[in-house]
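Descriptive structure summary
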Amino acid sequence: MVFEGAEKKAEVVVSKDYISKHGSLKTWPRERWEKLVAASNAQIMSEVHNDKLSAYLLSESSLFVWDNRIVLITCGQTTLANAVECFFEFCHPENIECLIFERKNEYFPEDQLSDFHTDVVRLNKHLNGKGYLFGEEKDRHLYLYHMNKEFEPPENDVTIEVLMYGLQGESRDVFNSEKQSLENLRRLTGIHEILPGYQVDDYLFEPCGYSINAIKDSEYYTIHVTPQDQCPYVSFETNAKVNDSYAELVEKVIKIFNPEKFEVIIFRSSLQEFINLPRYKIKKAVKQKLSCGYIVNYCQFDDKNLLKQESSKINLSDEATVLNV
């Protein structure tokens, strides 16, 4: 049995007026989050909390909740658009300041219960949105839809995603072992110490697969590993503040998983240069400014040792393809 690791993601920011009238999203009862997660065909398995952030580890990825924002990430055959519509039952779209919906290309798209275009049709019943394609449809790519509404992200609002394919070497054996333990996996990989001082909640799936949520104040990082040889995929995501460059953080993650190829996606409110990693060659690089206030840097990397020939020169000023949604 194989499992689709490629993920769907929704980030929703609600208005200050909503919070002043109804209180923090963190005060919503657990039953409400259970209903929302169940709408996507997933379940809450465990949770960790601090004063600023709640993190729910799901049967298919993760949910993070702040006072005025949620990030919901799901994989497998989940129906994330259903969960977004469920959120609207408790918070009307008129109270939404920003919504971003992402969908990665899948190994087995024929097994999915919806696709990006049908998801967008559903979202457009509630919102006025815009859609983009980062990459090429026939190759690795990311679909992105966002609410077409002016929004000013905080200056330090940054999210980075590292989406990896093809585990190599020791990491492949560690995560594929059916007799693995959490303690041994942590010791062999150092995965729970990628960023220091975080409260960790992690889980090993049967027969293989791994998820971790880690939180510190308002920051999080999360990793989801689908190590099966037929569809190897790993995702890393964080909103951690990095003083200078994200290259060091990406290198730390790449060193653990040793992927054949991967993508880096950075959302921020100001321009950020593309990351360069000596062992990997940039295949495609895209910068796109969204009308919702974010600038998206999307970059594809391939292991130079596995390339049969040099790729063509990359145009670092490429923009995403605007979709008719």
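Residue indices begin from 1 for each chain and proceed along its sequence in written order. Per-residue local features are limited, in this predicted model, to residues with pLDDT of at least 70; the limit for side-chain atom pairs, both in listing and counting, is 80 or more; totals at the level of whole chains, interfaces and linings are taken over all residues. To obtain the side-chain values, all non-hydrogen atoms of the structure were used and water was disregarded.

1. Quick notes on the sheet that holds strand 10 (residues 199-204)
Put simply, the test is: Any two strands are treated as partners once DSSP identifies two or more bridges connecting them. The numbering of helices and of strands both runs from the N terminus, where a helix is a DSSP run of H or I of at least 4 residues and a strand a run of E of at least 2. Only the contacting stretch of a helix is used when fitting its axis, a line to C-alpha atoms as for every element, and angles between N-to-C directions run 0 to 180 degrees.
The strand order across the open sheet built from eight strands is 10-11-12-13-9-14-16-15, with neighbouring strands paired in antiparallel fashion. At either end of the open sheet lies a strand with only one pairing partner, and these are strand 10 and strand 15 (280-289). Across the sheet, the mean angle from the axis of one strand to that of its neighbour is 10°, orientation sign disregarded. Bridge count for strand 11 (residues 210-216) against strand 12 (residues 219-226) is seven bridges, and the pairing is antiparallel.

2. Here's the deal with the nonpolar core
Operational definition: The definition of a nonpolar core used throughout is a set of buried Ala, Val, Leu, Ile, Met, Phe, Trp, Tyr and Cys residues joined through side-chain atoms within 4.5 Å. Only protein chains enter the accessibility calculation, which uses a 1.4 Å probe; a residue is then buried when its area is under 20% of its type maximum, exposed when over 50%, and partly exposed in between. In this description, contact between two residues means that some pair of their heavy atoms is separated by no more than 4.5 Å.
By size, the foremost hydrophobic cluster in this structure holds 41 residues, and its most contacted members are Ile 194, Ile 223, Phe 257 and Phe 262. Here the element with the most residues in this core is helix 7 (residues 247-257); it accounts for seven residues. Setting aside residues no more than four positions away along its own chain, Phe 262 makes contact with Arg 140, Val 162, Leu 163, Met 164, Val 250, Ile 254, Leu 277, Tyr 280, Cys 299, Gln 300 and Phe 301. In terms of nonpolar packing, the next biggest core, distinct from the first, is built from 36 residues, Trp 33, Leu 72, Leu 80 and Ile 96 among them.

3. Here we look at the side chain of Thr 79
Note the following rule: Between N or O atoms, a polar contact is any pair within 3.5 Å; within protein, one atom must be a potential hydrogen donor and the other a potential acceptor, and residues adjacent in sequence are included only when both atoms are from side chains.
Within the secondary structure, Thr 79 is located in the loop between strand 5 (69-74) and helix 3 (80-90). Judged by relative accessible area, which is 10%, Thr 79 ranks as buried. Only 3.1 Å separates the side chain of Thr 79 from the backbone oxygen of Ala 39, close enough to count as a polar contact. Once residues lying within four places of it in the same chain are set aside, the contact partners of Thr 79 are Ala 39, Ser 40, Asn 41 and Leu 113.

4. Description of empty space enclosed by the protein
Counted only if it meets this: The way it works is a 1 Å grid over only the protein atoms, where trapped points that fit a 1.4 Å probe form a cavity and open points with protein on both sides within 12 Å along at least five of seven lines form a pocket, and then any residue with an atom within 4 Å of a point lines it. Grid points are joined across faces, edges and corners, and a volume is the space filled by probe spheres set on the points. For this classification, Asp, Glu, Lys and Arg are treated as charged, while Ala, Val, Leu, Ile, Met, Phe, Trp, Tyr, Cys and Pro are nonpolar and the rest, including Gly, are polar.
Counted according to the given criterion, the structure contains four cavities of 30 Å³ or more. The calculated volume of the largest cavity comes to roughly 120 Å³. Lining the largest cavity we find 15 residues, and of these Glu 7, Lys 9, Glu 161, Leu 163 and Glu 237 sit closest to its centre. Put simply, the parts of the chain that give the lining of the largest cavity at least two residues each are strand 1 (8-14), strand 6 (96-104), strand 9 (159-167) and strand 13 (233-238). Among the elements that take part in the lining of the largest cavity, strand 13 stands out by supplying four residues, more than any other. A breakdown of the residues in the lining of the largest cavity according to their chemical character gives five nonpolar, two polar and eight charged.

5. Quick notes on the environment of Tyr 18
Tracing the backbone shows Tyr 18 in helix 1 (residues 16-22). Counting along the chain gives 77 residues from Tyr 18 to Asn 95, while the straight-line C-alpha distance between them is 6.2 Å. For Tyr 18, the contacting residues outside a window of four places in its chain are Gly 23, Leu 25, Trp 28, Phe 90, Cys 91 and Asn 95.

6. Description of the side chain of Ser 61
Along the chain, Ser 61 turns up in strand 4 (residues 61-65). A relative accessible area of 2% means that Ser 61 is categorised as buried. Within polar-contact distance, the side chain of Ser 61 engages the side chain of Glu 7 at 3.0 Å. With near-sequence residues (within four places) excluded, Ser 61 lies in contact with Glu 7, Tyr 56, Ile 73, Thr 74, Cys 75 and His 224.

7. Describing the packing of aromatic side chains
Heads up, the rule is: The pairing test for Phe, Tyr and Trp rings, Trp by its six-membered ring, is centres within 6.5 Å, and the orientation test on the planes gives stacked under 30 degrees, edge-to-face over 60, and tilted for anything in between. Only Lys NZ and Arg CZ are tested; either one counts as a charge over a ring when it is within 6 Å of the ring centre and within 35 degrees of the ring normal.
Under the definition given, this model contains 21 aromatic pairs. Seen from their ring centres, Tyr 107 and Tyr 165 are 6.2 Å apart, and the 65° between their planes marks the pair as edge-to-face. Of the two residues, Tyr 107 sits in the loop between strand 6 and helix 4 (116-123) while Tyr 165 sits in strand 9, which places them 58 residues apart along the sequence. With a relative accessible area of 6%, Tyr 165 lands in the buried category. With centroids separated by 6.4 Å and ring planes inclined at 50°, the aromatic side chains of Tyr 132 and Phe 134 adopt a geometry described as tilted. A residue is classified by how much of its surface remains accessible, and Tyr 132, at 3% relative accessible area, is buried. Owing to a relative accessible area of 0%, Phe 134 belongs among the buried residues under this scheme. Following the ring pairs from residue to residue traces out a cluster consisting of Trp 28, Trp 33, Phe 87 and Phe 90. In this arrangement the basic side chain of Lys 9 is found over the ring face of Phe 267, its NZ or CZ atom lying 5.7 Å from the centre.

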